[in-house]
Every structure is written in structure tokens, then in C-alpha cells.
Protein chains: 2
Amino acid sequence: MRSRPVADVRARNAGHLRGLNLETVLSVAMQREGSFTRAELIEATGLSAPTVGTLVSHLMQTGIVKDLGTGPSRGGRRPSFMEFNARHGYVAGIDLGPTRTRLAVADLRGERLTDRIIPTPVRLGPAALLSRVAGALRALMEEAGAPIDRLLAVGAGAPGAVDREKGIVTFAPNLHDWSHVPMRDMLERALGAPVQVENDVNLAILGEHWRGAARGHDTCVFIFVGTGIGAGVLIDGELHHGHHFMAGEIAVMCMGPQFIDVDFGERGCFETLAGLHALAEHWPEASQADPAGWVPSLFEASLAGDRRAKKVVDEVARLIAIAVANVGAVVDPSLIVLGGALFAQAESLVHDVRKIVERIRRSPMEIVSSALGKEAPLSGCLLVAANDARQRLRHGLREARVSPIPVAAG
Amino acid sequence: MRSRPVADVRARNAGHLRGLNLETVLSVAMQREGSFTRAELIEATGLSAPTVGTLVSHLMQTGIVKDLGTGPSRGGRRPSFMEFNARHGYVAGIDLGPTRTRLAVADLRGERLTDRIIPTPVRLGPAALLSRVAGALRALMEEAGAPIDRLLAVGAGAPGAVDREKGIVTFAPNLHDWSHVPMRDMLERALGAPVQVENDVNLAILGEHWRGAARGHDTCVFIFVGTGIGAGVLIDGELHHGHHFMAGEIAVMCMGPQFIDVDFGERGCFETLAGLHALAEHWPEASQADPAGWVPSLFEASLAGDRRAKKVVDEVARLIAIAVANVGAVVDPSLIVLGGALFAQAESLVHDVRKIVERIRRSPMEIVSSALGKEAPLSGCLLVAANDARQRLRHGLREARVSPIPVAAG
DNA sequence: AACGGATAGTTAAGAGGCTTTATAAAGTGT
DNA sequence: ACACTTTATAAAGCCTCTTAACTATCCGTT
């Protein structure tokens, strides 16, 4: 089900060498925050001065690197500054949620130019829905002054099982009639740009790792608890998908031997025990609709000493703590991030979970609350898109080196 | 705690190019089972005929590739056959067990020349113990006709927590007085060859993946149940260690909310509930010593209808099934291999576990019994050693393109 | 104000490695 | 015998990299 990427990026001859060194220089250029000089590239890449010179002039011809003119001297000849042209192209993120869909447009570094939240057009079928969303994104790009033909990559998230190789949303219980929807192809046709589809919790951990609570934690896990429950697993800085793209499907975790006999699929798994629906059942004041309405009251009642509320809260904290501890035991991350509607509405819960996990096992991993909240998957979308765009740019440089001086078309 | 390997294997100049192409040719040569010709290398590498010619002559000078003379014609000039010289060096495996230690000597392909089982000298301290084991390995190599100065790499396994970066056995509960033992350094001094230390369950899944039940399953998990309980996790063909080298520490998994309050560390975790000690407590006929004595009788009694035995067996099967299902949910492997003393003594158990897992969750992963049994970690040792040796050879070619024949240090 | 020294970048010359083309060796098949 | 195939080596040419020399500025000191 998974093809091994035997992508041999090794150079074989002088031509490949050139392509790789172009990539190397471009990589360094993209990593730099601001402007830089040839001398700095020489230092960073280890290449010789003349080589860097020709590589840079090549990159400037394509427009990926912008000349900024000379700067102030540092004791000798004035350096010629340049910078990575982050506006050489644009990327977009689409976080498709059950009720709201978040859109954003960013430059090649992933810096947002603009974003927007629109109601998910739930009454439409998948094709029409995605077409509508794509239309909204086109409008947003126009407003941001980002020409659509400069859209180089899109990252899209869906709340369900995703086969990211085929770009298909296999199943999304919270989206009406979504089963085997070829989301990537549909969006690519509507937008004319390559799209990567990914599960929303996976995107959340990518987002938190990039710009949120998990910065610097290359092996970490996001555990999402809301109506649904799921986890995103990052290993050595890369998402772990699993053989059937079902890694992190902790909704179906079994929470104890006592749950095996009693009609398991319905009542015994993690999601049916600790998801918002389960809580609502045990808390009469829960109007099924918006958890922001009743979840805080449940936790306040518990803190105030309400027996019934306390029991519900204690039980859910325990269940989550068991999941956290057990995922931690298997994966051994340096950090676990907790997020989702439940944690968003109940600040004390993270603390409770942390305390119980410590009782279960003197655990070396940190446990923190999501820093980006509902924005996390969208950030992940932009990261995925920016990485994809940059990879395509680099790869393009390598391929298009057939003629000695590939002049920028035009 | 983990250094990212930013190993830039990219060529920068012509010299590096040569090194990489040498590696490429050698890689293909090592993968071939038997003999091959220059023409086949041209086909496999994509390099031109003259280049392959010079690379091959270089490899023959070092002795890594052996000339076999010309073969029969296939309609044209007779090809000149050659083969990878698997005896250019040797590797060894050391599986240090609580009572027995397995040793093996193999060629660079990992094919065993000889092996031996010796009693682990448990009365000695770590240093003396390892010295004794190293002595036994030296003797074994001599018998096999493998000169010790040709030992290029060693893979060693220990039953406990291992910091493989530092080569230290952090803690091994089943080895007397083993805590923070610098096993790698000790063995390297005693053997004069580079040693890789790894946890034994991790080695087991490597072994099963290489030559056992997990062949072809690049993402899979070994779950070991004996006196201790542990798991080895393979992701995309590579071991997953976790941030603190504690991935797969499923001994401490919490098996249900009811176990949190009752003195957890002692009685509520997976190992204390389902390890052999736990079983022995519930089965009076268990003489604490050898599980081969009483475990089969327990399972026979259960099958025969003994209520008490059945209850014990059912409970342990359930607990293991929960662990299997939950590890499966987090990692999403294509296969889970079950092994260890418990499964070795009770063939029906794998079947029982499989049935319960299917009841918990219609799971897409296979569940099978270990094919290599107690030999699995030793196979893993040889794989680790062979890979290390081959990598060193390739790397050596790249670096030491100065002296033609790099003789192993004496 | 002039000069030495430092920094940044370019041009020129040289070396290494790969590829294409040509050549040689050794068969097979008609 | 002759044409053609397969395999391997030799010669010539091309590309890219590097070192060395050179240009372009600027700073600080005398």
C-alpha cells in the first residue's frame, strides 16, 4: 500500500552536480530570514567563491533570488546583498472543518498574507462544496494581490481518514456523505495548482511543531479530544502515517478488559467513553449543540463540589490520562500536546491529566496545552504547502538544467 | 538528547562524485546474490560503460570485489564475471540474555559461518562478564577461520533499556547489578572492532523483518511477553527509538481506569498483570523456575475445561489483545509479531489474541507468531553488524580514496 | 592624503570525472 | 565468409569544480 521512495538524489555526473549545488544554495537562501551576501553563502555551503557566484546569478535570472544592491562596507569592498524572493510564488491552506472552513494565503516562507473563516457549505455534496471553497480561496487570493497563476502549492486538511498518496478522503464521519472523495483531484482542477491532502490532527501537530507549543520537539504527539478523538504523530520531524494511513486512530483504543464483552464497538472504546457526546450524556445541562455552552459549566460545577459533575470530570481525565500515558509508552515522544474542543473549554483539564499521568508512570515527557488552538491545522496546511512549493522549486532547478543557460521563459 | 544527522551525503565536487559512484556500484554489487558482470552494473546504476569499468577496477584493487574470470558468451564477447567478496571481512552478533548468551559469526552479507550458545556468566560483574563473552567470541571466530583483525562490526543486544547513541545499558532488571554499563566501549576494547548496542526486543523485530515472519513488512511491531514485556517498533524499515530511547516500553502501559488508584506502579501495569510472574501467582502448580515446565500445563488445563486455568488464560489473552489493539491503533503497522516465553510455550495463545483483537476492532493488520523464536535477537544483531560493516566499507571508499588498500587496523 | 590591510567578488587557468564516439575482442547465425 | 551482437577499453570532448590571480572598495593609520 506504500511505495518506498527510492528517490536517488545522488549526483552521477557533472550536470547533476550542478543541480544539487543549486539546490544547496537555494536551501540556504530560503532558510535565511532576511538578506544575505555571496560571502555568507560561501561560508554556509562550503562551496568556492566562483561557484557560488555563478549559482547565484543563475538563481537571480529565474527570479527566485532578488538582488538588493550593495550594502555598507564591513572593512572592505561593499557586499552585494540579496534575498530569497518569498513572493516568487504563493501557497494556500484550506482547513475544512465540520462547520467552519479556514482559508489562508501565504508566501513561500509560509508567512500569512491574509486569512478568512467561512461557514462550510454543508448542504452541498462534496464536489459542489469543494468547488465553493475553491472559489472563496480564489477570491481571497485576488484580494491579497496574489495572482492565481502564481499559486505553487496548496495544503488541505479534512476531518477524517485520508489516503494522502491518492489524495482521497476515505471517510469523514462529521461531513455529510463524505466517503472516498477524491479531494486532491477536485481541488487541483478547481485551483490549477498541486494540492496535498492530509488529516486535520496530523496538520495540527505539524502546525504546533512549526509555530506552536511543540517547537523544537522533533518527536511529539498531538492528542485531540472533541466530538471525535484522534492523534497526530510526529517522528524525527516527519509525520508518521502508518501502513494504512491510520496511525493515531486512538478513537478506537480499548480502555480496559471490562469493555471487551459489552458490545464493544458501541460503548467500550476511547471516543465513546470520553468524546463530547459521552460527556453530554452524563451531564443533563448539556444542550447537544455547542460545547462552549455547557462544557465550562460542567467543569465549574465539578470545581464547586458538585458530586455528579466531579465524577464525570474525574472519569474523563483518567481516560485521557491513560491514553496519554500509553501513547507515550509506545512512541516515547519528548512532548504531548493536548487540544480540541474539550481542552479549549476546560483549562484545568490539562493540569488534571498531567497529574494523573505522573501517577501512572514517572514519565519523562512534557504534557502541554495546544498553543494554536483551532488555528493549528491551518498552520499545518501552510507548512505543508510551503514545503511542497519549495521542494518543487528546487526540483525544477535540477530538472531544467538540460541547456547550459536556461533563460527564464518570457 | 538526540542529535539530528544532518549528514549531507550530497556531492559538491568531482572528488565526492567519484566517492558516491563507487558507493553506488558497491551497493549494487552487495545486493546481488551471486556473480555479475560489468554490463549488469551499467544497467543497474545508469552509469556509462567506461565509468563502471574504472570503478570496478578500483573495487577489485581493494579486494572488496573478486574477479571470477570470463564466462560463456551470450551472443557476443564473453563477459567477465565478478562477485562481491563477502569474506572481505566478518561481523559478529552477541545476544546477551539473562541466562544464556548467543554468539554468531557471519560474513558481510550476514550469512552465518557458525554460532554458539553459552551460559551467561551471571556471577560476574558487568566488566568481567563482557570480557568473558568477548573471549568466547574470539574463540568462536578462530574456529570459524575468521581472523579477528578482519572483524569489521559487531551487533550486541541487551535485555533492558539501552542508550544506543552512547552505547550504554541504562538499566537491565534481569541482569545482576547492571546499571549504566558502558557495554559498547567495553566490548570495543575487548574485540578491537566497532560495536553497536541495541535493546533485545528491537533486535528481534529487525531479525524478523530480515529473515523471519515480518519479511516485506516495513512498518511492524514485535511484542514480547515473558518475564518482562516489551515491544520493538519498526517504521518504514527503520527502528523507532523514541526521544529517550524508551519507545516500545509497553510494560508500563495502564490497562484501565480501575488500576490507577490501587497502588499503580506495583499492581496495575501491563507487565505486572500479564507477565510470567503474574501468571505464576494465579497458577499454584507454577514452580517459579522454568516456564517451559508449567506454562503448557496451564494452557492444557484451560483447554480441558479447568475453570481456574481458563480464567487465568482468558484474562492474559485479553490483556495482550488490548495491548496489541492499542499499539496497532497508534502505530498502524501492517503486521504485529508476537513472541517471548509465553507464546513459545502456548501455541494457542496467538490464536486467542487474534480473535479478541478482531472483536475489539476490525483491524487491518496481521497478527502472527514469531518465526525465529529465541534466535530473533541474534539475527537482528547480525543484521545490525552487517549493515554497519557495509556502511563503513562504503564510507571508507569515499574517505580513503587516498590509500588504495585500507588494511584493517591490527 | 597616501598607503597597507581587509573584505567582496570576478576572471583565468587547471584538474577531475563523466559521457559520447570509436575501437577491439570474441562470439553467434546464416 | 560475412553481418551482427555482446562486452569491454581507449580517445576525445564537455561540464563543473577549485585554486590562483586580479579588480573593486573601504577602513584605519601615519
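Counting of residues starts from 1 at the beginning of each chain's written sequence and follows it residue by residue. Naming scheme: in the order in which they are written, chains are lettered from A and ligands are numbered from 1. With pLDDT at 70 or above as the cut-off, local features in this predicted model cover only qualifying residues; side-chain atom pairs require 80 or more to be listed or tallied, and sums for whole chains, interfaces and linings still use all residues. Hydrogen atoms and water are omitted, and side-chain values are computed over all heavy atoms in the structure.

## Digging into helix α12 (residues 307-331) of chain B
A helix here means a DSSP run of H or I that spans at least four residues, while a strand means a run of E at least two residues long, and both kinds are numbered starting from the N terminus. What a helix should span is 1.5 Å times the count of its residues minus one. When the terminal C-alpha atoms of α12 of chain B are compared, their 36 Å separation across 25 residues agrees well with the 36 Å that a helix rising 1.5 Å per residue should span. A side-chain oxygen of the first residue of α12 of chain B lies 2.9 Å from the backbone nitrogen of R308 of chain B; this N-cap is D306 of chain B. Under this definition, polar contacts are N or O atom pairs within 3.5 Å; protein pairs additionally need one hydrogen-donor-capable and one acceptor-capable atom, and for neighbouring residues in sequence, both atoms have to be side-chain atoms.

## Some points on the environment of A29 of chain B
Residues and elements named next belong to chain B. As for its placement among the helices and strands, A29 is situated in helix α1 (residues 14-31). The sequence separation of A29 and E40 amounts to 11 residues, and the corresponding C-alpha distance is 9.7 Å. Setting aside its immediate chain neighbours within four residues, A29 contacts F36, F84 and R109. Note on contacts: a residue pair qualifies if any of its non-hydrogen atoms lie within 4.5 Å across the two residues.

## Comments concerning the domain arrangement of chain A
How big an interface is tends to be stated in terms of accessible area lost as the parts join. All names here are of chain A. Where each domain starts and ends follows an automatic or database-derived domain assignment. You can read the domains of chain A as domain 1 (14-84), domain 2 (89-205 + 377-390) and domain 3 (213-370). Between domain 2 and domain 3, the C-alpha centre-to-centre distance is 27 Å. Contacts between the two partners involve 9 residues from domain 2, matched on the other side by 14 residues from domain 3. The buried area of a pairing is the accessible area, by a 1.4 Å probe, that goes missing from both parts when the two are put together, added over both. Both sides of the domain 2 and domain 3 interface together cover about 970 Å² of buried area, and 72% of this is carbon and sulfur.

## Points about the sheet that holds strand β7 (residues 151-158) of chain B
Residue and element names in this part refer to chain B. Pairing is mixed in the open sheet, where 5 strands are placed in the order β6-β5-β4-β7-β11. Each edge of the sheet is formed by a strand with only one pairing partner; in this case those strands are β6 (112-119) and β11 (195-199). Put simply, the sheet's adjacent strands are angled 15 degrees from each other on average, direction ignored. As paired elements, β7 and β11 share 5 bridges and run parallel to each other. Of the residues in β11, the one forming a bridge with A158 is N199. Each pair of strands is called paired provided DSSP finds at least two bridges between the two strands. In this description, a line fitted to the C-alpha atoms serves as the axis of each element, helices being fitted only across the stretch in contact, and the angle between N-to-C directions of two axes falls anywhere from 0 to 180 degrees.

## Structural notes on the protein's contact with DNA strand C
Definition of nearness: a residue and a molecule or strand are near each other if at least one heavy atom of the residue lies within 4 Å of the molecule or strand. Close to DNA strand C lie 25 residues; R77 and S80 of chain A together with R18, N21 and S48 of chain B are nearest. For DNA strand C, the backbone portion of the atoms within 4 Å of the protein, that is sugar and phosphate, comes to 63%. Between S80 of chain A and DNA strand C, the recorded distance is 2.8 Å, taken from a backbone N or O atom to a phosphate oxygen. Between a base nitrogen of DNA strand C and a main-chain N or O atom of R77 of chain B, the distance comes to 3.1 Å. Listed by contribution, the elements that provide at least two residues to the surface near DNA strand C are α2 (38-45) and α3 (49-62) of chain A together with α1 and α3 (49-62) of chain B.

## Details of empty space enclosed by the protein
The method is simple in principle: a probe with the dimensions of a water molecule rolls over the atoms, and the space it marks as empty is what remains. Two kinds of site are reported from a 1 Å grid over the protein atoms alone, namely cavities, where a 1.4 Å probe fits but cannot get out, and pockets, open sets with protein on both sides within 12 Å along at least five of seven lines, and residues are called lining when an atom falls within 4 Å of a point. Grid points are joined across faces, edges and corners, and a volume is the space filled by probe spheres set on the points. Scanning the entire structure with this criterion turns up 1 cavity of 30 Å³ or more. Its boundaries defined by the atoms lining it, the largest cavity holds a volume of some 40 Å³. V233, I235, H240, V330 and V331 of chain A together with V233, I235, H240, V330 and V331 of chain B are the residues that line the largest cavity. Within the residue set of the lining of the largest cavity, elements represented by two or more residues are β13 (229-235) and α12 (307-331) of chain A together with β13 (229-235) and α12 of chain B.

## Topic: the interface of chain A and chain B
On the side of chain B, 56 residues touch chain A, which itself brings 56 residues to the contact. Summing the contributions of chain A and of chain B, the shared interface buries around 4,900 Å²; its carbon and sulfur component is 55%. Of all residues in chain A, the largest losses of buried area upon contact with chain B belong to R10, R12 and V330 of chain A, amounting jointly to 14% of the total for that side. Counting the contacts that link chain A with chain B gives 23 residue pairs in polar contact (both at pLDDT 80 or more). Within the residue set of the side of chain A that touches chain B, elements represented by two or more residues are α1 (14-31), α7 (258-261), α12 and α14 (347-360) of chain A. The biggest single contributor to the side of chain A that touches chain B is α12 of chain A, with 9 residues. Side-chain classes follow a simple rule in which Ala, Val, Leu, Ile, Met, Phe, Trp, Tyr, Cys and Pro form the nonpolar group, Asp, Glu, Lys and Arg form the charged group, and the remainder, Gly included, forms the polar group. Broken down by class, the residue content of the side of chain A that touches chain B amounts to 27 nonpolar, 15 polar and 14 charged.

## A few points about the packing of α12 of chain B against helix α14 (residues 347-360) of chain B
Packed helix pairs are specified by the crossing angle of their axes together with the interaxial distance, meaning the distance between the axes. All names here are of chain B. Where α12 contacts α14, the axes come no closer than 8 Å and their chain directions differ by 60 degrees. Regarding the angle of α12 to α14, the classification is oblique. By crossing handedness, the relation of α12 to α14 is classed as right-handed. Residue-level inspection shows A317, R318, I320, A321, I322, V324 and A325 of α12 in contact with α14, the latter providing L349, D352, V353, I356, V357 and I360. Its residues placed into classes, the contact of α12 with α14 shows 11 nonpolar, no polar and 2 charged. For classification purposes, an angle smaller than 35 degrees is called roughly parallel, one larger than 145 roughly antiparallel, one from 65 to 115 roughly perpendicular, and anything else oblique. Definitions for this section: a left-handed crossing has its near helix turned counterclockwise from the far helix by less than a right angle. A right-handed crossing has that turn clockwise.

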